[in-house]
Structure formats: structure tokens, C-alpha cells
Amino acid sequence: MSPPGLSALTLETCTSITAIPPQDWQRLAGETNPFLRYEFFQALEESGCTSADTGWTPCHLVFRTGGRIAGLAPGFLKSHSMGEYVFDWAWADAYQRHGLDYYPKLLIAIPFTPSTGPRLLLEPALREQLTPALLHDLLDTLTERLGAHSWHLLFPDAKDQMLLRHDQELHRLGCQFHWHNHGYRSFEDFLAELNSRKRKSIRKERRQVAEQGIAFARYHGRDIPDEVLTAFHVFYQATYLKRGQRPYLTKPFFELLRQRLPEHLHLVMAVREGKLIAGALFLAGQDTLYGRYWGCLDEYNHLHFETCYYQGIELAMDLGLKHIDAGAQGEHKLVRGFEPIITHSWHGILHPGFRDAIDNFTREEADQVLGYFEDAKSVLPFRQQPPD
């Protein structure tokens, strides 16, 4: 039975962000996290990045109580697993080997963005009354109604994790590397906290970038010139094409970001002999700088580390931001002062046999991830262990 006050709770979906009143989305999502802005999802749809053709069919969740919107969540029906950063390819392969369909699946996540944050945008009263058991039952029922075979909620924040913890559902762990400002006022303050060997190594890397004749320019929001945005998009595409992959995001998407979310948007561009040669795109939140996309055409020593990490640290300090989320993977971040953090995802597998098998897998994987996390903490390059 539903708790008192939730008897009228329903969960439905919308096939476009435009079917949800902007004021309701803003009321529940706020305006500080760039990946939760109404304009962000609108830009993804209008630019063709999230569509049935790309395998990202919008399927946003709408919680209603008494007919009024009391909660929202970004959702998509997926026909593949690309652009998610919580890898379930082996699960899909196992389904296929047994003659079963793994797709479509219901994904509750931010497209192409492995960054922890709110996923369940709920009114406080609904969050207080909603239980993990009821939430999982609602998601299971919705998944079946949509003709999907599983649901997946990726990178939830601590508040959502409390609502997702349920013995009967699959909880998966991951590890990323983030930078934290532990009271540093400058890049040299940060370096001073590293051990001598790592401090010298970073200074050497930065010096070698400069010795190649490379300098850096920053551009912000609507002040980003067309030619700079065009150059960045070419670099971004090259990152994927080098790996034989199709780029996820189109140039119109970046143009819409500049137009509609200028307060969040920052570009760091590398310049050599007056020519743009590489770039990194950052989005700024309330206290976090998100390093999202990078690219270059030619290879230069240490250019990636300088553009994405060292320039990112300086940008975060200048913006007064205390934290850098530089995305998934990248063990090389560890020796450059980025600290390991645990990420989370929850998965609802409707097939009982595969649910049990995947449950065993996630438990074994979690032990490995936690062991890796502890090992990573033990080799941080700081002279003293940074505070939690």
C-alpha cells in the first residue's frame, strides 16, 4: 500500500522536454546545475542529439499527486548503451546470446555526462513520503508499460541514493577522480601541497607546453566568437573520430549552449603561432567546474594535461569554485592531484534469471571498486593526506 497522502501518486512520461511547463522544471531543478537546466535538454532535442534516430528517445518522468506535477526526472528510451559511462555491454551481450532483447531500456540520466547530481527532482513533501520500495515498484511498472526490459538510474547524488537504497535492486559502484580546493589561493599553493617529485613533474610538463610555443586564451558565454566555437567543435569531433566513433554532439548544440546558458559556458583554447590548435569546454555550476569536452588535431607533449587539468584548476580558482568534476576514467588524473571518489548507479532488471546473475556480478565488482578506491587514496601525491 502507498503511504498516506500518496494514494493519488502517478508516474508517467513525456516524449519531449517541451511537454513539461518550463516553470515546473525550473521550480524542481533550480538553476545552478547546468546539466539540469531546462535549456540544456531543450538544446539537446532541438539540435538532434537526443532523438529516436540517435538512440536517445526523450522519455522524461513526471510524478503527479492529485493531478499536479510534484516531481520530474530526465529520462530516455535507449536502443544502445553509448554515451552513458556506466558500461553494461556485457549484460546486453548475455541477453543476445540467450535470444533475448536487452533494448529498449529506460535510462534516467544526463546524456553524455558522467557527473554526479540530482536525478529525482522531487518536491520535499513527496521525497519525505516516497519509500525506496514504492519508488522501485513505480519504476518497474513504468518500465513494463513502456515495453522496456530494464531501468537504469546513473550518477545520483546523496539525497537520491537514500531514496534508491533497496535490498531487491542492483546497486553498482564506480570510481572517478575529482579535484578539490583545500584552501588554495593559487596554482602554486596547490603545488606546494604535493610531494617534491610530483611538484617538479607538473612544473616540467607546464614548462614543456610553453616551450612548444603554446599559449592559452579563455572565452566565456556569449563572448565566444563564431570562429572559436567552430574550431572547438572540429577539435571535439576529432577526439571521437580518432577512436572510430561518431561524435555525440552537433555544432548547433554548442551554439544553443552559448545562446541559452551563457552564464555556465567557458572555453579554454590553446594557441600556437596565432592559430587555435586545441580546446576544452567547461560548464560551471554553483560550486563545481565540470570539464566536459576536449579535442585537438595534432599531438603535442602534455597539451591534454595542461588544457584540461592545469588550465581547468586555474579557471576554477578564478571563478571561486571549489571542486572540479573532470568526468569518467582517467587514472592519470590521480598523480596530478585529482582524488578518487565513489560513484553510484541503480539498475532494475525485470528478467528474474538475469537479475540474479547481474546481482552477483555487481556485488563482486563493488568489492573490486572499493579495493581500487583505497589503493588510489594510498598513492595520492600530497605531502599529507587531504581532508575528507
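That block above? That's the structure.
From a predicted model like this one, the values you see are computed outputs, not experimental measurements.

### A look at the layout of surface pockets
Part 1 of the argument: Reported here for the largest pocket is a volume of approximately 700 Å³.
Part 2 of the argument: In terms of lining, the largest pocket is formed by 31 residues, of which the most central are Tyr85, Arg243, Arg292, Ala326 and Ala328.
Part 3 of the argument: Of all elements in the fold, only helix H9 (226–241), strand S12 (275–284), strand S13 (288–296) and helix H11 (303–319) reach the threshold of two or more residues within the lining of the largest pocket.
Part 4 of the argument: Broken down by element, the lining of the largest pocket gets its largest block of residues, 4 residues, from S13.
Part 5 of the argument: Looking at side-chain class alone, the lining of the largest pocket contains 17 nonpolar, 10 polar and 4 charged residues.
Part 6 of the argument: Together, 28 residues line the second largest pocket, and Asn33, Thr116, Pro118, Asp157 and Tyr290 are the ones closest to its centre.
Part 7 of the argument: Taken together, the elements giving at least two residues each to the lining of the second largest pocket come down to helix H1 (22–29), strand S7 (121–122), helix H6 (158–164), S13, strand S14 (323–325) and strand S15 (339–349).
Part 8 of the argument: With 4 residues, the top contributor of residues to the lining of the second largest pocket is H6.
Part 9 of the argument: Per-class residue counts for the lining of the second largest pocket are 12 nonpolar, 10 polar and 6 charged.

### Details of the environment of Gly55
Part 1 of the argument: By the element assignment, Gly55 lies in the loop between helix H2 (38–46) and strand S2 (56–58).
Part 2 of the argument: Separated by 23 residues in the primary sequence, Gly55 and Lys78 have C-alpha atoms spaced 5.3 Å apart.
Part 3 of the argument: Contacts of Gly55, omitting those with residues within four sequence positions, involve Leu77, Lys78, Ser79 and His80.

Cut-off values and rules
- Residues numbered from 1 in each chain as written.
- Predicted model: local features only at pLDDT ≥ 70, side-chain atom pairs only at ≥ 80, totals over all residues.
- Heavy atoms only, no water.
- 1 Å grid on protein atoms, 1.4 Å probe; cavity = no way out; pocket = protein on both sides within 12 Å on 5 of 7 lines; lining within 4 Å.
- Points joined across faces, edges and corners; volume = space filled by probe spheres on them.
- Helix = DSSP H or I, 4+ residues; strand = E, 2+ residues; numbered from the N terminus.
- Nonpolar A, V, L, I, M, F, W, Y, C, P; charged D, E, K, R; others polar.
- Contact = heavy atoms within 4.5 Å.

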